[in-house]
Amino acid sequence: MKSCGSMLGLLGLRLPPAGFLLLLPFLLLLLPATPAPHRASYKPVIVVHGLFDSSYSFRHLLEYINETHPGTVVTVLDLFDGRESLRPLWEQVQGFREAVAPIMAKAPRGVHLICYSQGGLVCRALLSVMDEHNVDSFISLSSPQMGQYGDTDYLKWLFPTSMRSNLYRICYSPWGQEFSICNYWHDPHHDDLYLNASSFLALINGERDHPNATAWRKNFLRVGRLVLIGGPDDGVITPWQSSFFGFYDANETVLEMEEQLVYLRDSFGLKTLLARGAIVRCPMAGISHTAWHSNRTLYETCIEPWLS
C-alpha cells in the first residue's frame, strides 16, 4: 500500500518540509493584523447656554446628539448659571475661555460650538480673542448677534420702570454696562451713544476702533463654518433677524446682513466668510425662544448636519 506522501507525489503535490511546519505558527504571528472595521469619530461638541439658563436646559439636545452621533464627547459648560448670567460679558468670556481651552487642546481635529441666545455672543467673542482656537462649526442658536432692542419679560424683571425707548439711559451708562443685557442693547435711535458706550457689542462688531481689531478679525476667520439659526416666532430676540446679523435702521426698518455697515466694511470678517461659502442660514418658523434647543426637527435640519 502506498503512503500518503507517495499518493501526493503521484498527484504532483508535495508536502512542505517538516521544519517549515514547525515554524508556521511563528510565521503567522509576523503577518500584519487584519485592520479593525473603521468607526467614524466625531469632533467634540461644546455647548454654551444663554441668559438665566443652566446645563440642565440642554438635556434634550444632549440626547439628540448621543442618538445621532454616538460616542461624541459633549460638554455643556456649567458656568454663569441663572442670575450669574447677568455678569458683564467680558467677565463671562474670560471664564468660558478658561473652560474651553483645555477641550480644544485635546482635540487636534477641532471642535464644534453650539451657543444659545446670549451664549452666541459669548462664543463670538471667544472666536475673536482666542488666537489658536480650532472651531470647525460655530452654531449660533437664536442669538442676538446684532444686538437687542425689544421689551421682553427679562428686561421688565430687571428694569421694571424702563421701556425700550428710554432704556438707553441706563444701558449706555457705566453702571448699566455692568449687566450683560446692556452689553448688547442696541438702540437704533441713539447710535452715537451706542458706539461710544457699548463696551462689548460695538467692539466685537468692529464698529469702534480699538488696538486689537485686526487680530480679532484674523482670529474670527479661523472658524470653519458659521451656522445662523433663528425665526420669526422666537418672541424674545428683537428684531428676530438679529440672529442673522440683520437689524433696525433709525426708522425701525430691518436691514438684512448684506445691508449692514459691519458687513459692507467687513469689519470683523462676515463678508469674507460669506464669500468663501462658510455662512449657513437656517431660519425656521413656529419655534419660541425657549424651545430652540429641544425641538427635534430643528436639530435634525439645522444642527445635526454640521456636527462632523
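Here, every reference points to the structure presented above.
Residues numbered from 1 in each chain as written. Predicted model: local features only at pLDDT ≥ 70, side-chain atom pairs only at ≥ 80, totals over all residues. Heavy atoms only, no water.

Caption draft 1: Structural view of the overall build of the protein. Each helix and strand in the protein was counted, giving 14 helices and 8 strands. Relative to its 308 residues, the protein shows a buried fraction of 49%. Here the analysis covers contacts within the protein between residues at least 6 apart in sequence; of these, 68% occur between residues at least 24 apart. Surface summary for the protein: the accessible area is close to 15,200 Å², and the carbon and sulfur share equals 57%. (Helix = DSSP H or I, 4+ residues; strand = E, 2+ residues; numbered from the N terminus. Buried < 20%, exposed > 50% of the residue type's maximum accessible area, 1.4 Å probe, protein only. Contact = heavy atoms within 4.5 Å. Areas by Shrake-Rupley, 256 points an atom, 1.4 Å probe, with all protein chains shown as cover.)

Caption draft 2: Inspection of the sheet that holds strand 5 (residues 225–230) at higher detail. Read from one edge of the open sheet, 6 strands run 2-1-3-4-5-8, paired in parallel fashion. Edge positions in the sheet fall to strand 2 (74–76) and strand 8 (279–283), since each has one partner strand and no second. For this sheet, the mean inter-axis angle between neighbouring strands, taken without regard to orientation, is 15 degrees. By the bridge criterion, 6 bridges tie strand 3 (residues 111–116) to strand 4 (residues 135–141) in an arrangement that is parallel. Of the residues in strand 4, the one forming a bridge with Leu-113 is Phe-138. Against the sheet, helix 5 (residues 118–129) touches strand 1 (45–48), strand 3 and strand 4, its axis set at about 140 degrees to strand 3. (Pairing = 2+ DSSP bridges. Axes fitted to C-alpha atoms, helices over the stretch in contact; angles between N-to-C directions.)

Caption draft 3: Expanded view of the packing of helix 4 (residues 89–105) against helix 5. Look at helix 4 against helix 5: their axes get within 9 Å of each other, and the N-to-C directions meet at 65 degrees. Overall, the two elements helix 4 and helix 5 adopt an arrangement that is roughly perpendicular. Crossing handedness for the pair helix 4 and helix 5: right-handed. Facing helix 4, whose interface residues are Leu-89, Trp-90, Gln-92, Val-93, Phe-96 and Arg-97, helix 5 presents Gln-118, Val-122, Ala-125, Leu-126 and Val-129. Considered class by class, the residues forming the contact of helix 4 with helix 5 number 8 nonpolar, 2 polar and 1 charged. (Parallel < 35°, antiparallel > 145°, perpendicular 65-115°, else oblique. Left-handed = near helix turned anticlockwise from the far one by under 90°. Nonpolar A, V, L, I, M, F, W, Y, C, P; charged D, E, K, R; others polar.)

Caption draft 4: Highlighting the pattern of salt bridges. With the rule as written, the count across this model stands at 7 salt bridges. Arg-281 is the salt-bridge partner of Glu-258, the closest N and O atoms lying 2.8 Å from each other. A residue pair is termed long-range when its members are at least 10 positions apart, and Glu-258 in the loop between strand 7 (254–255) and helix 12 (261–264) and Arg-281 in strand 8 qualify at 23 residues. Between Glu-300 and Arg-296 there is a salt bridge whose closest N-O contact spans 3.0 Å. Highlighted residues: Glu-300 and Arg-296, both in helix 14 (residues 296–303), separated by 4 residues, approximately one helical turn. The class for Glu-300 is partly exposed, based on a relative accessible area of 43%. Take Arg-296: its relative accessible area is 28%, and that puts it in the partly exposed class. (Salt bridge = Lys/Arg side-chain N within 4 Å of Asp/Glu carboxyl O.)

Caption draft 5: Local environment of unusual backbone geometry. Following Thr-238, the chain continues into Pro-239 via a peptide bond in cis, with omega recorded as -10 degrees. Residue placement: Pro-239 occurs in the loop between strand 5 and strand 6 (247–248). At Asp-266, a position not held by glycine, the phi torsion is positive, near 55 degrees. By the secondary structure assignment, Asp-266 is in the loop between helix 12 and helix 13 (270–275). Using a relative accessible area of 14% as the deciding quantity, one classes Asp-266 as buried.

Caption draft 6: Structural detail: the pairing of strand 4. Within strand 4, 7 of the 7 residues are buried, leaving the element largely enclosed by the surrounding structure. Read as a crossover between parallel neighbours, the route from strand 3 over helix 5 to strand 4 is right-handed. (Right-handed = clockwise from strand over helix to strand, strands pointing away.)

Caption draft 7: Structural detail: the packing of aromatic side chains. Counted according to the given criterion, the structure contains 13 aromatic pairs. When the centroid spacing of 5.7 Å and the interplanar angle of 40 degrees are considered together, the rings of Phe-80 and Phe-96 count as tilted. Taken together, the residues Phe-80 in the loop between strand 2 and helix 4 and Phe-96 in helix 4 connect sequence positions 16 residues apart. An identical accessibility class is assigned to Phe-80 and Phe-96; each is buried. Summarising the aromatic geometry, the rings of Tyr-172 and Tyr-194 are spaced 6.4 Å apart at their centres and angled 55 degrees between planes, so their arrangement reads as tilted. Of this pair, Tyr-172 sits in the loop between helix 7 (168–171) and helix 8 (180–183) while Tyr-194 sits in helix 9 (residues 191–197); the two residues are 22 residues apart in sequence, bridging distant segments of the chain. There is no split in this pair, since Tyr-172 and Tyr-194 are both buried. A connected cluster of aromatic rings, assembled from ring pairs, spans Tyr-149, Trp-185, Phe-247 and Tyr-248. Here the basic side chain of Arg-124 rests over the ring of Phe-268, its NZ or CZ set 4.6 Å away from the ring centre. (Phe/Tyr/Trp six-rings, centres within 6.5 Å; stacked < 30°, edge-to-face > 60°. Lys NZ or Arg CZ within 6 Å of the ring centre and 35° of its normal.)

On their own, these measurements won't tell you what the molecule is for.
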